[in-house]
Structure formats: structure tokens, C-alpha cells
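What follows is the residue order along each chain.
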Amino acid sequence: MAVKQFKQLGCLDVNPQGDCAFQVRAETEEEVMRLGAEHAKLCHKAETLPPDIVERARVAIKTVTVNV
Ligand SMILES: [Zn+2]
């Protein structure tokens, strides 16, 4: 069994008033941000993310360790 580190971001971390339990997990922060932006576009109709939201997402990213 190996332990791997992932970056994780939840929709609620960025939008606490929202009722969205979406969580994204990827190997790099860039990938998390990309997937998060994609989710915002698909599920929240946010074509572009305002800089303050992007910044909030970036600081909310957590590093988690997962047994793989
Ligand atoms: Zn969401």
C-alpha cells in the first residue's frame, strides 16, 4: 500500500452559502483549479470566475493524504 498526496477543494469552501457538496481532488493545484473552474461552469453557470473567487479557491485548497 502506498500513500499519495492529493490537492483537494470543495465547492462549499469557495461558496459556503451554496448547497453543493462537490469536491475535487487532483495531484496538482493547477489541476484542481482547472477542474474547479469546469465544475463552476457546468453546475453554477459561471463562465468566468471573478479574481476574488479564484483567490478564495486557491487558499482553500487542502493537501490530503490518501492510501492507494
Ligand atoms: Zn458546486
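Going by the structure above, here's the rest.
What you see as residue numbers is a count from 1 along each chain, following the sequence as written. Totals for whole chains, interfaces and linings use all residues, but because this is a predicted model, local features are given only for residues with pLDDT of at least 70 and pairs of side-chain atoms are given and counted only at 80 or more.

Peer 1: Describe the pairing of strand β3 (residues 62-67), listing the residues and the values that go with them.
Peer 2: Exposed residues have 12 or fewer other C-beta atoms within 10 Å of their own C-beta, buried residues have 20 or more, and partly exposed residues fall in between, where C-beta atoms are placed from the backbone. The way it works is that DSSP assigns letters per residue, a run of H or I at least four long becomes a helix, a run of E at least two long becomes a strand, and they are numbered from the N terminus. Across the 6 residues that make up β3, only a small minority, 0, are buried. Should DSSP find at least two bridges between two strands, the strands are taken to pair. When strand β1 (residues 3-10) meets β3, the two strands line up antiparallel, connected through 6 bridges. Each bridged residue has a counterpart across the sheet, and for Gln8 the counterpart in β3 is Lys62.

Peer 1: Kindly report on the environment of Ala40, identifying the contributing residues and their values.
Peer 2: By the secondary structure assignment, Ala40 is in helix α2 (residues 29-44). Separated by 13 residues in sequence, Ala40 and Ile53 place their C-alpha atoms 11 Å apart. Whether two residues are in contact is decided by their C-beta atoms, placed from the backbone, lying within 7 Å. Excluding residues within four positions of it along the chain, Ala40 makes contact with Ala46 and Leu49.

Peer 1: Let's hear about the nonpolar core: which residues, and what values?
Peer 2: The nonpolar core criterion groups buried Ala, Val, Leu, Ile, Met, Phe, Trp, Tyr and Cys residues into a set whenever they are joined through C-beta atoms within 7 Å. One finds Leu9, Cys11, Val14, Val24, Val32 and Ala57 forming the largest nonpolar core, which totals 6 residues. Contact partners of Val24, with chain neighbours within four places excluded, come to Leu9, Val32, Leu35, Gly36 and His39.

Peer 1: For the sheet that holds β1, give the residues involved together with the corresponding values.
Peer 2: The 3 strands are arranged β2-β1-β3 in an open sheet whose pairing can be described as antiparallel. Edge positions in the sheet fall to β2 (23-26) and β3, since each of these pairs with one other strand and no more. With direction set aside, neighbouring strand axes in the sheet form an average angle of 40 degrees. Packing against the sheet, α2 makes contact with β1 and β2, and its axis sits at approximately 150 degrees to β2. Only the contacting stretch of a helix is used when fitting its axis, a line to C-alpha atoms as for every element, and angles between N-to-C directions run 0 to 180 degrees.

Peer 1: Got a sec to walk through unusual backbone geometry? Specific residues and values, please.
Peer 2: The backbone of Lys45 shows a phi angle near 55 degrees, a positive value even though the residue is not glycine. The class of Lys45 is exposed, set by 7 C-beta atoms lying within 10 Å.

So far we have only geometry, and geometry alone does not tell us how the molecule works.
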